[in-house]
Amino acid sequence: MSPLDQVVARIGAAIPGARVQILPNDSPSGQHSLLVDHEHAVAVAKFLRDDPDLQLDHLANVTGVDWLDATVKEKAKVRKVINGAEKEVEETLERKKPGFLEAVYHLYSIARNHGPVILRLRTGNRIDQVRVPSLTPIWRGAEFQEREIYDLYGIVFDGHPDLRRILMWDEFQDHPMRKDYVEPDDYEYEPTAHDKVLEKAKKHHTAADRPQL
Amino acid sequence: MRLNSTTLRNRSDWSGAVPIRPEYGWKIGWNGGSRASGIQTVTGTRTTHMQASDHPYLFLAVFLVVAVIFPLVPLGLARLWARTFSPPKPGPVKNAIYECGVESKGDAWIQFKSEYYLYGIIFLIFDVEAIFLFPFAVAFTNLTIGAFLAMMMFLLLLVEGLVWAWQKGVLTWK
Amino acid sequence: MSIDEGLRSELSRQGIFTTTLEGLYNWGRRNSVWPLNFGLACCAIEMIAASMARFDLARFGAEVFRPSPRQADLMIVAGTVTKKMAPMVVRLYNQMPEPKYVIAMGACAISGGPFKQGYNVLKGIDRYIPVDVHIPGCPPRPEALLHAFMTLQRKIDAQKLSGSDRARHFDAQAPSEFPIPQYGQHDLEPPRNEAVWRPPAMRRGE
């Protein structure tokens, strides 16, 4: 398979206006991924599947990621005037990084025996802009996994043929795999009462029967 | 000569030696009413007075009574047991019709696609064909060329039907 | 309804066997426990193994796995009970005729096991239905299930026909159906049946 930047260039040539960005992966695996914009996601996916050099016909895995709002600390060198003299000082800058939800698609080619190519679709934020286009029309195997991501992360897939909860019951309101999910407080005695578990346990016991832990 | 049901049941016992001939001796008990006191039986020159237990169809009556009592007694005992010890505890869930844990929704009278039956019939034809193929395969080396041709003709007819159904689009599930 | 033990053994030495109605009744029941044929997770594989020739559950008269709750005496809750599955399990239990028994098989069925702090697994089926025998293990070996069967047989054998301590199914006031939990917005509602199960008080150092 041609390198990822060539793939991006060919996508750009085939689909005008598609914004595809390479997200580098610094780990030893070096599995860089492609961030695709919503408008052209289906067209890009179709190109990846049908292009004779790529033929990414096998969708191995779809998963979700929850990125919370974060503050990123960056060290930067800033020129400042200190005591009348201009100096170059290293300063720590805090940058707010808004959270979002992400759907990750791992693609392989069975016909040409290569892969993976990793596609990422990101939502606008974690609260009200949680829609991404569904790739089920391209890879039928995405159907249940997108339902699972909808169930557990709350990403709404536009164009999905049957978007219902798949693991939890229909009346369920939460998205349990989100990092800010709070599980129902039906806590009782646990054999390992440590830290947060201990704090919870204390709330459920009156002063009389509260153990001396 | 005493007869009882055991000897009567075994025809070889009373065919030769026993001087009873039904065509002029017997009165069949049931249409003669309940003649429990015994039946006068004419056997040639002798007249024998028989006991009630001698009636040849008595064992049937006994069998009938036992057949009724045999299931009734345990049923009655179970009923008695339930009345004495086990209180009945019916309930809406326990009496529900469906019994797989899921609540039933809607009507049981739903419509099936007619293609399903075509599928079913085609499956059945080839299922039955397999039954013919097994003995054919077992006896294959000893068969004459005529038998072989007959079997091939049989297969051809079925396959022809399959091809026809295929072309009609029956095998495509829409 | 009791007979002197010495007299009984003397009689049996003479070839006369005596029993009580209670003994006869319990003898019949404990040797024909029919389990309900269902499995929820990997423990069910061990349950199947226990019913096969090597471990041979048939020795205990329990080989007749019934596909319908109406014909079953025993519910083996073999495996993880998810919150989505819990109402079905309780409904099946409710549809079983009295007397009925429950074996909770494996860590998940008795407490939620490794999934206890998760969002989707019930923390033990004993929150909704009365459990007679708990088997720990992940999964328990077939021998453990056989042990549970023998324990259940001892329990059945000890049940009384009459008196205040008579078996539960003889008590007209004892419930035969238990409330089925409903799917709530965040959890099953109610999260437990207080009449059946209460969280144990946490005490230490006593």
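Note that this is a predicted model, so its numbers are computed, not measured.

Moving on, we get to the overall build of chain A. For chain A, the count of helices and strands is four helices and nine strands. Mapped in sequence order, the helices and strands of chain A form the string α-β-β-α-β-β-β-β-β-β-α-β-α. In terms of overall dimensions, chain A has a C-alpha envelope of 75 × 70 × 35 Å along the principal axes. Counting every position in chain A, which comprises 213 residues, the buried fraction comes to 40%. The long-range fraction of contacts in chain A, counting pairs at least 24 apart against all pairs at least 6 apart in sequence, stands at 54%. Of the accessible surface of chain A, which amounts to about 12,400 Å², a share of 50% is contributed by carbon and sulfur atoms. For chain A, the separation between the mean place of its 29 positive charges and that of its 36 negative charges on side chains is 5 Å.

Residue and element names in this part refer to chain A. The mixed open sheet is built from five strands, whose spatial order is β1-β2-β7-β6-β3. Since the sheet does not close on itself, it has two edges, and those belong to β1 (20–23) and β3 (58–67), each with one partner. In this sheet, adjacent strand axes meet at a mean angle of 25 degrees when their direction is disregarded. Across three bridges, strand β2 (residues 33–36) lies against strand β7 (residues 114–122) in parallel orientation. Following the sheet pairing, S33 is matched in β7 by I118.

Let us now look at the interface of chain C and chain B. Every contact between the two is made by 23 residues of chain C and, on the other side, 18 residues of chain B. For the pair chain C and chain B, the summed buried surface comes to about 1,700 Å²; carbon and sulfur atoms form 56% of the total. Contact with chain B buries area across many residues of chain C, yet R70, R91 and E177 of chain C alone supply 31% of it, more than any other trio. Where chain C touches chain B, the interface holds two salt bridges. For E103 of chain B, the salt bridge goes to R91 of chain C, with nearest N and O atoms at 3.5 Å. Of all the elements in the fold, those that place two or more residues in the side of chain C that touches chain B are α2 (21–30) and α4 (86–95) of chain C.

Residue and element names in this part refer to chain C. Ordered in space as β1-β2-β3, the three strands form an open sheet in which the pairing is parallel. Looking along the sheet, the strands with just one partner apiece sit at the ends: β1 (74–78) and β3 (133–135). The average undirected angle you get between the axes of adjacent strands in this sheet is 15 degrees. Bridge count for β1 against strand β2 (residues 101–105) is five bridges, and the pairing is parallel. Residue pairing for β2: I76 is matched across the bridge by I103.

A separate point is the nonpolar core. One finds I11, L48 and Y105 of chain A to be the most contacted residues of the largest nonpolar core, which totals 42 residues. Contributions of two or more residues to this core are made by α1 (4–14), β2, α2 (41–50), β3, β6 (100–109), β7, α3 (142–153) and β9 (156–158) of chain A. When residues of this core are assigned to their parent elements, the largest contribution, five residues, is made by α2 of chain A. With residues near it in sequence (within four places) discarded, Y105 of chain A still touches L59, N61, V62, V117, I118, L119, L121, P133, L135, E146 and F157 of chain A. In this structure, V102, A109, Y128 and I180 of chain C belong to the second largest nonpolar core, which totals 25 residues.

On to unusual backbone geometry. P99 of chain C follows E98 of chain C through a cis peptide bond whose omega is -10 degrees. Examined against the element boundaries, P99 of chain C turns out to sit in the loop between α4 and β2. Each neighbour pair has its own omega, and for E189 of chain C with P190 of chain C the value is -5 degrees, a cis peptide bond. A positive phi angle, close to 45 degrees, is found at Q55 of chain A, a residue other than glycine. In this fold, Q55 of chain A is placed in the loop between α2 and β3.

Moving on, we get to the packing of aromatic side chains. For the structure shown, the criterion picks out 15 aromatic pairs over all chains. Aromatic side chains W67 of chain A and F100 of chain A sit 6.3 Å apart centroid to centroid with 35 degrees between the ring planes, which places their arrangement in the tilted category. Of this pair, W67 of chain A sits in strand β3 while F100 of chain A sits in strand β6, and the two are 33 residues apart along the sequence. Taking relative accessible area as the criterion, F100 of chain A reaches 11% and is therefore assigned buried. Taking the centre distance of 5.1 Å and the plane angle of 15 degrees together, the rings of W169 of chain A and Y183 of chain C count as stacked. Linking W169 of chain A in the loop between β9 and α4 (195–203) with Y183 of chain C in strand β4 (residues 182–183), this pair reaches from one chain into another. Each member of the aromatic cluster is reached from another via a ring pair, and the members are W81 and F85 of chain B together with Y25 and F170 of chain C.

The next subject is the pattern of salt bridges. Residues and elements named next belong to chain A. Applying the stated criterion across every chain yields a total of 28 salt bridges over all chains. The salt bridge partner of D162 is R164, with a shortest N-O separation of 3.0 Å. Through salt bridges that share partners, R10, D51 and D53 make up one connected network.

What follows concerns the side chain of R192 of chain C. Residue and element names in this part refer to chain C. Here R192 lies in the segment after β5 (188–189). A polar contact is formed between the side chain of R192 and the side chain of E194, at a distance of 3.2 Å. For R192, the residues in contact, after removing those within four places along its chain, are R127, Y128, W197 and P199.

With that settled, the discussion passes to α3 of chain A. All names here are of chain A. Here α3 spans 15 Å end to end across twelve residues, near enough to the 16 Å set by a 1.5 Å rise per residue. Taken residue by residue, α3 has A142, E143, E146, R147, I149, D151, L152 and Y153 as its buried positions. Its buried side turned inward, α3 meets β3, β6 and β9. Two residues or fewer past α3, G154 is found with a positive phi of approximately 85 degrees.

Right, let's talk about the pairing of strand β5 (residues 85–97) of chain A for a bit. Residues and elements named next belong to chain A. Inspection of the sheet shows strand β4 (residues 70–82) paired to β5 by 13 bridges, in the antiparallel sense. Bridge pairing in β5 links E74 to L93. The antiparallel pairing of β4 with β5 creates a hairpin that spans two residues between the two strands, and N83 there sits at a positive phi of about 55 degrees.

Let's shift gears to the packing of α1 of chain A against α2 of chain A. All names here are of chain A. Put simply, α1 and α2 touch, their axes get as near as 11 Å, and they point 115 degrees apart. With respect to the hand of their crossing, α1 and α2 are arranged in right-handed fashion. Of α2, the residues touching α1 (which contributes V7, R10, I11 and A14) are V44, F47 and L48. By residue class, the composition of the contact of α1 with α2 is six nonpolar, no polar and one charged.

Here we take up the environment of L167 of chain A. Examined against the element boundaries, L167 of chain A turns out to sit in the loop between β9 and α4. Along the primary structure L167 of chain A and R147 of chain A are separated by 20 residues, whereas in three dimensions their C-alpha atoms are 8.8 Å apart. L167 of chain A has contacts with E148, D151 and L152 of chain A together with K84 of chain C, leaving out every residue within four places of it along the chain.

Right, let's get into helix α3 (residues 43–51) of chain C. Since there are 3.6 residues in each turn of an α-helix, residues three or four apart along the chain are aligned in direction. Residue and element names in this part refer to chain C. Among the residues of α3, C43, A44, M47, A50 and S51 are the ones counted as buried. All buried residues of α3 fall inside an arc of 110 degrees around its axis, so they share one side. Looking at the buried residues of α3, the elements they touch are β1, β2 and α6 (142–157).

Cut-offs and rules
- Residues numbered from 1 in each chain as written.
- Chains lettered and ligands numbered in written order.
- Predicted model: local features only at pLDDT ≥ 70, side-chain atom pairs only at ≥ 80, totals over all residues.
- Heavy atoms only, no water.
- Helix = DSSP H or I, 4+ residues; strand = E, 2+ residues; numbered from the N terminus.
- Buried < 20%, exposed > 50% of the residue type's maximum accessible area, 1.4 Å probe, protein only.
- Contact = heavy atoms within 4.5 Å.
- Areas by Shrake-Rupley, 256 points an atom, 1.4 Å probe, with all protein chains shown as cover.
- Lys, Arg positive; Asp, Glu negative; His and termini not counted.
- Charge placed at Lys NZ, Arg CZ, Asp CG, Glu CD.
- Pairing = 2+ DSSP bridges.
- Axes fitted to C-alpha atoms, helices over the stretch in contact; angles between N-to-C directions.
- Buried area = accessible area lost by both parts, 1.4 Å probe.
- Salt bridge = Lys/Arg side-chain N within 4 Å of Asp/Glu carboxyl O.
- Core = buried A, V, L, I, M, F, W, Y, C linked by side-chain atoms within 4.5 Å.
- Phe/Tyr/Trp six-rings, centres within 6.5 Å; stacked < 30°, edge-to-face > 60°.
- Polar contact = N/O pair within 3.5 Å; in protein donor to acceptor, adjacent residues only side chain to side chain.
- Expected span 1.5 Å × (residues − 1).
- Left-handed = near helix turned anticlockwise from the far one by under 90°.
- Nonpolar A, V, L, I, M, F, W, Y, C, P; charged D, E, K, R; others polar.
- Arc of directions from axis to C-beta.

So, to be careful, I would describe these as geometric facts and stop short of saying anything about function.
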